[in-house]
Amino acid sequence: MYRAFACLTEEHTTWVVVLAACVCWITCSVALKLEQRVRTRAGGPVLLWPLAAGFSIGAGIWSTHFIGMLGYDPGVVLGYEPRTTLLSLVVAIAAATAAFLFARSGSSEGSSAWVGAGAGLVLGLGIACMHFLGIAGVRLPGHFTWDGALAGTAIAAGALLAAAGMAIHVRSIDGRTRMAAATILTLAIALLHFLAMAAARVVPDPTLAVAQLGLDRGVLAGGIAAVMAVILAFGALTLMLDRLHRMNVALARQGHMLQEKTRLLDDTLDSMDQGLIKVDAGGVVRVCNERALALLDLPRAMMQAQPNYRAVLRYQARHRERNRTDQAFRAWVARGEAVGAHVHAHVHERARPNGLVLEVRTVPLADGGFVRTFTDITKRKAAEAEVARLARHDVLTGLPNRALFHETVTRSLADIAQRGGACAVLYLDLDGFKGVNDSLGHQAGDELLRHVAGGLVGVAGAGAVARLGGDEFAVLAPGGAAEAGSMAERLIALFDHPLGVGEHRISVGLSVGVALAPEHGTAAECLYRRADLALYRAKAEGRGTFRVFTPAMDEEAEARRVLERDLRQAMDEDKLSLHYQPQVDGRTGALIGFEALLRWVHPVRGPIGPDVFIPLAEETGLIITLGEWVLHAACREAAGWAQPLKVAVNLSPRQFQRPDLPDRILAILAQTGLSPDRLELEVTESIIINDMARAIAILRRLKSYGIRISMDDFGTGYASLATLQAFPFDKLKIDRSFVAQLGSEPQAAVIVRAVLGLGRSLGMGVVAEGVETQAQRDFLAKEACGEMQGYLFGKPRPIADYAAALESPTDMAARAAPRLALAG
């Protein structure tokens, strides 16, 4: 090592050594950069860049060697034999080229380091060959002697470092790795050179006269400069090519980004739900997406050629039936106006011949062009039309509803007012529809309504029939009274036979009320009211028929309105009262209770019978408030009697529509202090028939309180036996119509005996109503009737008239006889 140090410091000029190292590093960097182009760019001829890299590093190695030799001073004059010196350059270039070609052969990532190391060994051996060949070309007056060990060390060190540098180089292409590899290769070349020079000693020999030393130092320096110029030229070329490559990459990247953006824009436009056309200031279609082609039925080839927008309009004018908006466009095109001129933002709808409805939106652009979008709003318009239809039609039957029927009637009346003529409004109501709902369920009821709607339309015609709600319909019929009557008869005849609904055969009827225009009015609302009055009369007079409005119906309706007003006023002013009719033991005639009966004395008309105002209260809903007042007053009165007699109160079917009825009755008992077992509630079969499950639940709850339940007017309904089976009543009340016929109609006696026997068999008490003669009493007593009620025992009177009976409840027939005689 001392020899190497001494050679470097004593036999070489320092600045020359530094110059040689710099030249070596520069040439290695240039060569590695050129070699990278072989692996990464693959531009130009295949062998150009390996040869250029091999030349650069080979010439650099040679230049480094001879720059070092120029700074070498062994104490004698040196010269250089031209051919050998030139051959050393060729050897260096060939070895470097072979090394780079070898490195290029390593394709797989796992083997690249070993290939690089192999290439480095080839390069290292080439460096050694160049060095020793260059030494062989040195001419001097003497000869070299060699230290074999040191020379071998130089070769080994150079080869190993070259292998390491190439192995690093081939593993990566970044600048930092290239600089590291160039530094290691520089160290390999310098170490091999200076160790090899340290291994050589010059032995002067004066006897050897060298006539021609060959190339002198000046010529060699010029050759080195020329070689370095070529290497620097390669370096400059590499830098220029790298810059061009980066520019090309940037341009390619920009082009790719532009293509990607264009593709994304095209994809976005083509995936839009809207059709879009962009027209420039010159009228040329610049953009037309796929949706526009489909919606406007435009040929793709024509639109890809970017035609003038006027050509598009002409094409549509030739091939499609256009609406008014397109006719305006064609006129605009015919005038030759520039497309885009005076374009204003606007939105309009366009109906296509193929059924599509488009919303066309135009947006002007600053350059004079415009963008036009086309949105398919067919479904939206259809939905809007359906919403509008549903707003004017019945959902269940599809018939016009009340609002649309009103529009139809109003138009017909306006036409009659202008041109004359007549029409009729028919109000229709199904008879027995509620029973269908209750017995077969609402689904069957809905199916029945659809079936009825179809039948009505078949007779009256589409558009003439409307459903007003529930089981109520209306018909607008042309013509006068004769035509309306004929129409009503044909409609009623539809129900002469049972209707087939699913698996059921359903029997219902139809009642019709008729109002004529202009005879009965020229305003729609007036006709509706009068047709409804006529319908009310038809239902009251037997159902299954029709009635035409008469002025008397208006008078009756007005009378009902006045009576309803007076009844409300009587309730508000507490002008109603309760009368009580005795109920007696059937065997002894002893008083056992009273039935509370409502009475109304009108201040002008005098006493009004319950058969008049009770139905009115039922119809108007006043019966709920009225019934609660009766129940409260009767319980309060009974609670103050000296004897614990029972009190019977009638319940209305409307009261049973309230789910809190049991709670309200229990609250009344608590407020009045009447024991529940003294209260008897009388109900009719209609309560249970209308909604059996609900009614039975309410009755069972009332009975659980200790309240007695009796069935009033037993035997007058069509489902009495089924009702008795459904609920265990405490009592049955034989209707007064059967009792009145005792003694005159043998069948009445049979029926009464049957009811009494039925009551005994079911464990129910029986009350006979309407007992007015002693013969009737005797018959009922003989048949063991438990309780009786009628004029024979007392008429309905204020409770004060029965004060004595309340103190001593003896035979009520005997007490009533004097009063009856006086009354007679």
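Residues numbered from 1 in each chain as written. Predicted model: local features only at pLDDT ≥ 70, side-chain atom pairs only at ≥ 80, totals over all residues. Heavy atoms only, no water.

Caption draft 1: Spatial organisation of the sheet that holds strand β6 (residues 285–288). Strand order in this open sheet of five strands is β6-β5-β9-β8-β7, and the pairing throughout is antiparallel. Each of the sheet's edge strands pairs with one partner strand only, and the pair in question is β6 and β7 (346–351). Pairs of neighbouring strands in the sheet enclose a mean axial angle of 20 degrees, with direction left out of account. Bridge count for strand β5 (residues 274–279) against strand β9 (residues 370–376) is six bridges, and the pairing is antiparallel. From the neighbouring strand, K278 faces β9, where its bridge partner is V371. Running at roughly 120 degrees to strand β8 (residues 357–364), helix α13 (residues 378–392) makes contact with β7, β8 and β9 of the sheet. (Pairing = 2+ DSSP bridges. Helix = DSSP H or I, 4+ residues; strand = E, 2+ residues; numbered from the N terminus. Axes fitted to C-alpha atoms, helices over the stretch in contact; angles between N-to-C directions. Contact = heavy atoms within 4.5 Å.)

Caption draft 2: How the structure looks around the nonpolar core. Judged by nonpolar contacts, the single largest core of 77 residues is most densely connected at I665 and L679. If one sorts the elements of this core by residue count, helix α21 (residues 622–639) sits on top with ten residues. Residue contacts for I665: discarding those within four places in its chain leaves L631, L651, L679, L681, L702 and I707. (Core = buried A, V, L, I, M, F, W, Y, C linked by side-chain atoms within 4.5 Å. Buried < 20%, exposed > 50% of the residue type's maximum accessible area, 1.4 Å probe, protein only.)

Caption draft 3: Structural view of the confidence of the model for the protein. Model confidence for the protein is summarised by a mean pLDDT of 81, while 83% of its residues fall at 70 or above. Within the protein, no element has a lower average pLDDT than helix α12 (residues 324–334), which sits at 44, and none a higher one than strand β20 (residues 646–650), at 96. Considering only residues more than four positions removed or in separate chains, one finds that residues 321–326, a stretch of pLDDT under 50, has twelve contacts. Every residue in residues 328–341 scores below 50 in pLDDT, and together they form 26 contacts with partners more than four places removed in sequence or on other chains. (pLDDT = per-residue confidence, 0-100.)

Caption draft 4: How the structure looks around the environment of A523. Mapping A523 onto the fold places it in the loop between β15 (509–517) and α18 (524–540). Sequence-wise, A523 and A414 are 109 residues apart; in three dimensions their C-alpha atoms are separated by 9.3 Å.

Caption draft 5: Helix α16 (residues 442–460), seen in detail. The end-to-end C-alpha distance of α16 is 26 Å, a good match for the 27 Å that 19 residues give at a rise of 1.5 Å each. Where α16 is concerned, the buried positions are A444, G445, L448, L449, V452, A453, L456 and A460. Just downstream of α16, G461 is the residue with a positive phi angle, here 100 degrees. (Expected span 1.5 Å × (residues − 1).)

Caption draft 6: Region of the structure containing the pairing of strand β10 (residues 423–431). Counting buried residues along β10, nine of its nine residues qualify, which places the element largely inside the surrounding structure. Note: β10 against strand β12 (residues 472–478), seven bridges, orientation antiparallel. When the bridges of β12 are listed, D429 appears paired with E472. Bridging between β10 and β15 involves nine bridges; their strand directions are antiparallel. Paired with A424 across the strands is L516, a residue of β15.

Caption draft 7: Looking closely at the packing of aromatic side chains. Here the structure, examined in full by the defined rule, presents ten aromatic pairs. Through a chain of ring-to-ring contacts, the aromatic side chains of Y580, F594, W641 and Y802 assemble into a single cluster. One cation-aromatic arrangement involves K703 over F727; the distance from NZ or CZ to the ring centre is 5.6 Å. Taking the ring centre of Y791 as reference, the NZ or CZ of K795 above it sits at 5.1 Å. (Phe/Tyr/Trp six-rings, centres within 6.5 Å; stacked < 30°, edge-to-face > 60°. Lys NZ or Arg CZ within 6 Å of the ring centre and 35° of its normal.)

Caption draft 8: Focus on the side chain of N289. Here N289 shows up in the loop between β6 and α9 (290–296). A relative accessible area of 1% means that N289 is categorised as buried. Polar side-chain contacts of N289 include one of 2.9 Å to the backbone nitrogen of A292. Once you skip the residues sitting within four places of it in the chain, N289 turns out to touch L269, D270, M272, Q274, G275 and L276. (Polar contact = N/O pair within 3.5 Å; in protein donor to acceptor, adjacent residues only side chain to side chain.)

Caption draft 9: Here's a closer look at a nonpolar patch on the surface. On the surface, a nonpolar cluster with roughly 270 Å² of combined accessible area is contributed by W25, I26 and M179. Relative to the helices and strands, M179 is located in helix α7 (residues 175–199). Overall, the relative accessible area of 48% leaves M179 in the partly exposed class. (Patch = residues over 30% accessible without salt bridge, like charges linked within 9 Å, V, L, I, M, F, W, Y side chains within 5 Å. Areas by Shrake-Rupley, 256 points an atom, 1.4 Å probe, with all protein chains shown as cover. Salt bridge = Lys/Arg side-chain N within 4 Å of Asp/Glu carboxyl O.)

Caption draft 10: Molecular detail of the environment of P728. Within the fold, P728 resides in the loop between α25 (720–726) and β23 (731–734). Judged by its relative accessible area of 39%, P728 is partly exposed. Distance from P728 to I696, taken between C-alpha atoms, is 9.9 Å for residues 32 residues apart in sequence. In contact with P728, other than residues within four places in its own chain, are R700, K703 and M764.

Caption draft 11: Quick peek at unusual backbone geometry. Residue P518 is reached from A517 by a cis peptide bond, and omega for that bond is 10 degrees. Backbone geometry places D297, a non-glycine residue, at a positive phi of 55 degrees. Within the secondary structure, D297 sits in the loop between α9 and α10 (300–304). The exposure class of D297 is partly exposed, given its relative accessible area of 36%. Unusually for a residue other than glycine, D574 sits at a positive phi of about 60 degrees. With respect to the helices and strands, the residue D574 is situated in the loop between α19 (551–572) and β17 (576–585). Of the residues examined, D574 reaches a relative accessible area of 52% and is grouped as exposed.

Caption draft 12: Focus on the pattern of salt bridges. Enumeration according to the criterion identifies 39 salt bridges in this entry. Residue R380 pairs with E384 through a salt bridge whose shortest N-O separation is 3.6 Å. A residue pair is termed a helical-turn pair when its members lie 3 or 4 positions apart in one helix, as R380 and E384 do in helix α13 at four residues. Assessed through its relative accessible area of 40%, R380 is described here as partly exposed. Salt-bridge contacts for E564 lead to R568; the nearest nitrogen and oxygen are separated by 3.1 Å. Of this pair, E564 and R568 both sit in helix α19, four residues apart, roughly one helical turn. Its relative accessible area of 37% is what places R568 among the partly exposed residues. Through salt bridges with shared partners, one network takes in E349, E359, R361, R380, K381 and E384.

Caption draft 13: Structural context of the pairing of strand β21 (residues 679–683). Most of β21 is tucked away: five of the five residues are buried. Neither face of β21 is open: one carries L679, L681 and V683, the other E680 and E682, and all of them are buried. Between β20 and its parallel partner β21, the chain crosses via helix α22 (residues 661–672), and the hand of that crossover is right-handed. Pairing of β21 with strand β22 (residues 708–714) involves four bridges; the strand directions are parallel. (Right-handed = clockwise from strand over helix to strand, strands pointing away.)

Caption draft 14: A look at the sheet that holds β10. One open sheet accounts for five strands, arranged β11-β12-β10-β15-β16; its pairing is mixed. Strand pairing shows two members of the sheet lacking a second neighbour, β11 (465–469) and β16 (546–548), which therefore form its edges. If you compare each strand with its neighbour and ignore which way they point, the axes differ by 20 degrees on average. Strand contacts of α18: β10, β15 and β16, with the helix running at about 145 degrees to β15, the strand carrying the most contacts.

Caption draft 15: Spotlight on helix α20 (residues 610–620). Taken residue by residue, α20 has F613, L616 and A617 as its buried positions. Projection of α20 onto a plane perpendicular to its axis shows the buried side chains occupying an angular sector of 100 degrees, all on one side. Looking at the packing, one finds that the buried side of α20 touches α19, β18 (591–602), β19 (606–608) and α21. (Arc of directions from axis to C-beta.)

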